[in-house]
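# Descriptive analysis of the structure
The lines below spell out each chain.
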Amino acid sequence: MTEQKRARIKADKLDTGFGSFRNVEVTIGKVIDEDWDEPMGPTPMPGVTTLRDWDHKLLTKYEPSYMPACQLCCLCTFGKCDLTGGKRGACGLDIKAQSARIVLAACNIGCAAHLAHARHLVDHLIHEFGPRYQLTQGEGVDIEAPVSRLVTGIRPRTLDDASSILDYCETQLTHTLSAVHTGQEGSWIDFESKAFHAGMVDQVGMEIADLVQISTMGFPQSDPEAPLVEAGMASMDQSKANILCIGHNVVPAAAITDYAMEHNLQNKLDVSGICCTAWDITRHDAKAKIVGPISWQLRFVRSGIADVVVVDEQCIRTDIAQHAQKVNAPVIATCDKSCMGLPDRTNDDVDDIVADLVSFKVPGVFIGDHNKVGEVVVKTAIAVKPKRKGKTSLPSKKKIQELAQACRQCSECRRACPNDQPIMEAVLAAQEANFGPLGDVYDECIGCARCESACPNEYDLHSWMVTAAKDRWMNESYLVRTGRGAIKDTEIRAVGQPVVFGEIPGVIAHVGCANYPDGGRAIHDMCEEFAQRRFIIVLSGCAAMTVGTIKDDEGKSIYERRSGHFDAGGVVNVGSCVSNPHIAGAAIKIASIFAKRNLRGNYEEIADYIHNRVGAVGISWGAMSQKAASIASGFWRLGVPVIVGPHGAKYRRMLLGRADRAKDWMVYDARTGNEVQIAPGPEHLFYAVENMEECMVLTAKLAIRPNDTARGRAIKLSHYIDLHERYKGYFPDDVHTFIRRETDIPITLKDKIHAQMKENKWKERPIPDPTLLKRMVFGGNGGSK
Amino acid sequence: MMRAEPWQTAEVCGPTKAQELKKPVVVGALLKKAKHPLLIVGANALTEKTRKKSMIDYFIELSTAAKIPVVATSNTIKAFKEKNFDNVYSHGVMEIAGKLQDPDWMVAPKKGPHDLVMTFGYPYYMEWLMLSALINFAPQIKTITLGRYFQPHATWSFPNLKKQKWNDALKEILSILGGTK
Ligand code: SF4
Ligand code: SF4
Ligand code: SF4
């Protein structure tokens, strides 16, 4: 049993999930931070409704547009209920509220996945290092956990503090989860507000997860020059035993590399990863390798390169054990959340387990003890390699041609393909030994194998594509910079002013999964375009791998070409999914370090600051998971707009501003208290684009903020206009709405803009000190007013 | 194949599904009845053709013949502008799905509010979702999809058509509306 952990808070006024108190000293437990002189803000450890007013402000400005994937509800035995045509379910819910409930459900699931991951890490590390182990993000980072400070009012100094913060998160998640139950919440806006809450809590949980692993596991610590590591399917040394780790939780993978090192076996092994475990294992050991993003699972396992497959948690193919079995690669499940139906051998003798695996007596095992995982996996890999002899389940071209003759031309493969790939046509070409079309499908394939499931002939169609494209992946090798962790306070100090004034036109974060509509090249092209335009590019997760796959004429990836510093034109990989809060944290730290705002328990003021001043835009080109939904939700509550690729439309809800409704774009001028008209920026809070071209134009536009100085606004407008002209073919007709004063006009475009201003009867407007919060009026810097 | 079932296999929505457009003449009749129709064209129109004609040219003819304004999403608008066609407006695909839920919204003064919307040129799932927004939250609007594949969330949709049949249908629609061919 873990000890009950609690927090103690002193405050003049305390709004919590339990109520509002004045002059209180609450001892919720043992996190006592007497030597922190930053005053406590108004909302430490906010409950589900504490920030509801803020949420409602955002949700009124950016109204949800729902696109239900299902018009029924079948969540309780009253149902199924038909919610079409304004009908309500037996519980009283209508389709709008039901759609919002689905959003909340997704954010809860995503938040739970990260929180459980964080909890596992913290408990494991307390067990290894003790509760008083000191936490650090590295030199030059005094604000070690900006999101946790902002939300909870606690600065986590030790593993024990981290655990206390997770206690808070787990309580909040229980509440937001319970709201999904039949007969609880009834209004769309409150479901949405709770989704924001789950997203915010998720950011805290992820921040704790990354902080504790950075502090204890030898990861780069806020290092802009974090190592370049090898990536791509061809980067594996096939003369060695290959261990593939899939998932997000680095503990088992680290146990493997640690065991190999301790026993001097590194020269016999190659350890690689897919998905975020790949990032975190290379942060732990830069000799480890990255196979690729989440969608590389099937192709790599079927290639037979991996001798052992180790799975931990999140985004693993749930049928991976069957596929590994076909190539005689034993599977080791290591996480209680994904046991894969394998027998629990946690308490068995290592040599017995290894013997059973190497003789293929069992296809895989579940081992809940990570140290044992290290030993079993290393021993198994070395022993099984000569027995497997690189067995592959990829068919030869000859075999494919032979099998393809029986294609029924039923199109079921294409109809099952999320990317509508011309699979049948490619199979028909293969009948004639023309494998080009199958190779082309490979380029746009996300490796889901739905085409295989659908084919009445039971063709292994994905494998056929992989065989057809063998020349490509046999040469797929590139360098990526592994995750650096946090952004240094000194870097923030250097860029805070130009970002807030708009002279660095924006911070663009490419995050998330690999559910790409047509391959991943678009991510690279967008990063390169905006880095050239002196935006700061930040990356994490699978997106951060994909961006490295495109090489220039000299064979260099973007990470080799560009600096990893958080500065104009930099391409900055923070790390895995749980590293995302370093991105939110950078925005939060701008408010703290540059603008000297208090962070501690001061969520609303800082979100208002970021929303109105920091030109940050999140992009998740291949967003797939519920985790991606809750990550996005954490950004929404901070007022940061998020763009998703076309498949992201399947989140079924956009948050759209209405540029054509002037009344929606009013702020208080904190200096005068007057309500002031602003330009419609950022125009949307959540948006699925149709293609890269739309994304380019929208990204530039969403970086515009009410606080831009004249020079900053002119710079941002010139990027927007230039990209609009390139992709839409004409001068945008809304430029005049963004001009407040003559000085906002980009000098080279004066004539065109003047003409547009005249045509639209433009009037000069003040540049406000913008805020959505009335309490911030009159020099609002205090946070607890 | 002439089946009125979703082209992408799992895209089933609920108790209702689109009426099958069996005869192109129905589109003509619906358009003639509509007060303020709107044509929404996505980027797949940049690469798709009907017979040898680009879909952009087809829609320019359709819009001109039936006097329907066009919303061209993303970079699709560039192709329309390059052909000096000016009854075209730029909105994002998700934006237009959102704006049309406002019963007072119109693409330009006196050109709305819209009561009939025709769509073409999106990834199947994206069009499916856009139409879901409209069928659920814009009951004042009827929708017609002009793509080859059945879209269950539309009010009217072709069944899954072979290319030849689809080409014929498009041609007939244009001639009913007084376009060239
Ligand atoms: S495996 Fe590739 S080709 Fe097959 S359905 Fe999935 S995305 Fe389409
Ligand atoms: S599903 Fe199978 S049989 Fe049918 S067209 Fe595709 S490859 Fe041929
Ligand atoms: S929708 Fe997602 S979670 Fe559900 S079966 Fe498909 S891939 Fe799995």
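Residues numbered from 1 in each chain as written. Chains lettered and ligands numbered in written order. Predicted model: local features only at pLDDT ≥ 70, side-chain atom pairs only at ≥ 80, totals over all residues. Heavy atoms only, no water.

### A look at the overall build of chain B
A tally of regular secondary structure across chain B gives 6 helices and 9 strands. The C-alpha radius of gyration computed for chain B amounts to 15 Å, which stays within 12% of the reference 16 Å derived for 181 residues, consistent with globular compactness. In terms of its C-alpha atoms, chain B occupies a principal-axis envelope of roughly 40 × 35 × 30 Å. As displayed, chain B has an accessible area near 7300 Å², and 53% of this comes from carbon and sulfur atoms. (Helix = DSSP H or I, 4+ residues; strand = E, 2+ residues; numbered from the N terminus. Rg over C-alpha atoms; globule rule 2.2 N^0.38 Å. Areas by Shrake-Rupley, 256 points an atom, 1.4 Å probe, with all protein chains shown as cover.)

### Describing the interface of chain B and chain A
Listed per partner, the contact involves 45 residues of chain B and 46 residues of chain A. Summed over the shared surface of chain B and chain A, the result is 2 salt bridges. One salt bridge connects Arg415 of chain A with Glu5 of chain B, and the closest N-O pair in it is separated by 3.1 Å. Scanning the region where chain B abuts chain A turns up 22 residue pairs in polar contact (both at pLDDT 80 or more). Elements that contribute at least two residues to the side of chain B that touches chain A include exactly helix H3 (76–82), helix H4 (93–99) and helix H5 (124–137) of chain B. Ranked by residue count, the leading element in the side of chain B that touches chain A is H5 of chain B, at 10 residues. (Contact = heavy atoms within 4.5 Å. Salt bridge = Lys/Arg side-chain N within 4 Å of Asp/Glu carboxyl O. Polar contact = N/O pair within 3.5 Å; in protein donor to acceptor, adjacent residues only side chain to side chain.)

### Brief notes about the pairing of strand E2 (residues 37–41) of chain B
All names here are of chain B. Of all 5 residues in E2, 5 are buried; the element is thus mostly enclosed. Both faces of E2 are covered, namely the face carrying Pro37, Leu39 and Val41 and the face carrying Leu38 and Ile40. One ladder, built from 5 bridges, connects E2 with strand E7 (residues 116–120); its direction is parallel. Bridging across to E7, Leu38 finds its partner in Val117. Inspection of the sheet shows E2 paired to strand E5 (residues 70–72) by 3 bridges, in the parallel sense. (Buried < 20%, exposed > 50% of the residue type's maximum accessible area, 1.4 Å probe, protein only. Pairing = 2+ DSSP bridges.)

### What about helix H2 (residues 55–66) of chain B?
All names here are of chain B. Across its 12 residues, H2 extends 16 Å between first and last C-alpha, which sits within 8% of the 16 Å expected from 1.5 Å per residue. All buried positions along H2 are accounted for by Met55, Ile56, Tyr58, Phe59, Ile60, Leu62 and Ser63. Phi for Lys67, located one or two positions after H2, is positive at around 55 degrees. (Expected span 1.5 Å × (residues − 1).)

### Concerning the site of ligand 1
Residues and elements named next belong to chain A. Not every one of the 13 residues close to ligand 1 is listed here, only the nearest: Cys417, Cys445, Cys448, Ala449 and Cys451. Elements with a contribution of two residues or more to the shell around ligand 1: helix H16 (450–454) and helix H17 (461–468). Residue classes in the shell around ligand 1 are distributed as 10 nonpolar, 2 polar and 1 charged. (Near = heavy atom within 4 Å. Nonpolar A, V, L, I, M, F, W, Y, C, P; charged D, E, K, R; others polar.)

### Observations concerning the domain arrangement of chain A
Segmentation of chain A into domains returns domain 1 (228–388), domain 2 (397–435 + 455–459) and domain 3 (708–767). In this structure, domain 2 of chain A and domain 3 of chain A have C-alpha centres spaced 52 Å apart. (Domains from an automatic or database assignment.)

### Some words on the nonpolar core
The biggest cluster of nonpolar side chains holds 249 residues, and the ones touching the most others in it are Val309 and Leu461 of chain A. Counting residues per element, this core draws most heavily on helix H2 (residues 95–129) of chain A, at 14 residues. Setting aside residues no more than four positions away along its own chain, Val309 of chain A makes contact with Leu244, Ile246, Val301, Ile320, Ala324, Ala329, Pro330, Val331 and Ile332 of chain A. Judged by nonpolar contacts, the second largest core, of 37 residues, contains Met55, Ile60, Val70 and Leu177 of chain B. (Core = buried A, V, L, I, M, F, W, Y, C linked by side-chain atoms within 4.5 Å.)

### Regarding the environment of Gly564 of chain A
All names here are of chain A. Residue position: Gly564 is located in the loop between helix H22 (558–561) and strand E16 (571–575). Residue classification places Gly564 among the buried positions, given a relative accessible area of 4%. Residues Gly564 and Ala429, 135 residues apart in the sequence, show an inter-C-alpha distance of 45 Å. Once residues lying within four places of it in the same chain are set aside, the contact partners of Gly564 are Pro224, Arg481, Arg484, Val571 and Val572.

### Remarks on the sheet that holds strand E14 (residues 507–510) of chain A
Residues and elements named next belong to chain A. Across the sheet, which stays open at both edges, the 8 strands sit in the order E3-E19-E22-E18-E17-E14-E15-E16 with mixed pairing between neighbours. Each edge of the open sheet carries a strand with a single partner, namely strand E3 (63–66) and E16. Looking at each pair of strands side by side, their axes are set apart by 25 degrees on average, direction ignored. Bridge analysis of strand E18 (residues 642–644) against strand E22 (residues 684–688) gives 3 bridges, and the strand direction is parallel. Among the inter-strand pairings, Val644 is bridged to a residue of E22, identified as Ala688. On the sheet, helix H1 (residues 52–61) packs against E3, strand E19 (653–656) and E22 and is oriented at approximately 60 degrees with respect to E3. Each of E3 and E19 is contacted by H2, which is oriented at about 95 degrees to E3, the strand it contacts most. (Axes fitted to C-alpha atoms, helices over the stretch in contact; angles between N-to-C directions.)

### Examining the environment of Lys171 of chain B
All names here are of chain B. Structurally, the position occupied by Lys171 is in helix H6 (residues 163–176). When its relative accessible area of 41% is taken as the criterion, Lys171 is described as partly exposed. Remark: the alpha-carbon pair of Lys171 and Pro37, spanning 134 residues in sequence, is separated by 19 Å.

### Quick look at the sheet that holds strand E21 (residues 675–677) of chain A
Residues and elements named next belong to chain A. What the 3 strands build is an open sheet, ordered E21-E20-E23; its pairing is antiparallel. The open sheet is flanked by E21 and strand E23 (770–771), the only strands paired with a single partner. As paired strands, strand E20 (residues 666–669) and E23 are joined by 2 bridges and run antiparallel to one another. Along E23, the bridge assignment pairs Asp669 with Pro770.

### Notes on the side chain of Thr482 of chain A
Residues and elements named next belong to chain A. Along the chain, the position of Thr482 falls in the loop between strand E13 (478–481) and helix H19 (489–501). Thr482 sits in the buried class, given a relative accessible area of 1%. There is a polar contact of 2.8 Å between the side chain of Thr482 and the side chain of Thr282. Not counting residues up to four positions away in its chain, the partners in contact with Thr482 are Pro220, Ala226, Pro227, Val229, Trp279, Thr282, Arg283 and Asn573.

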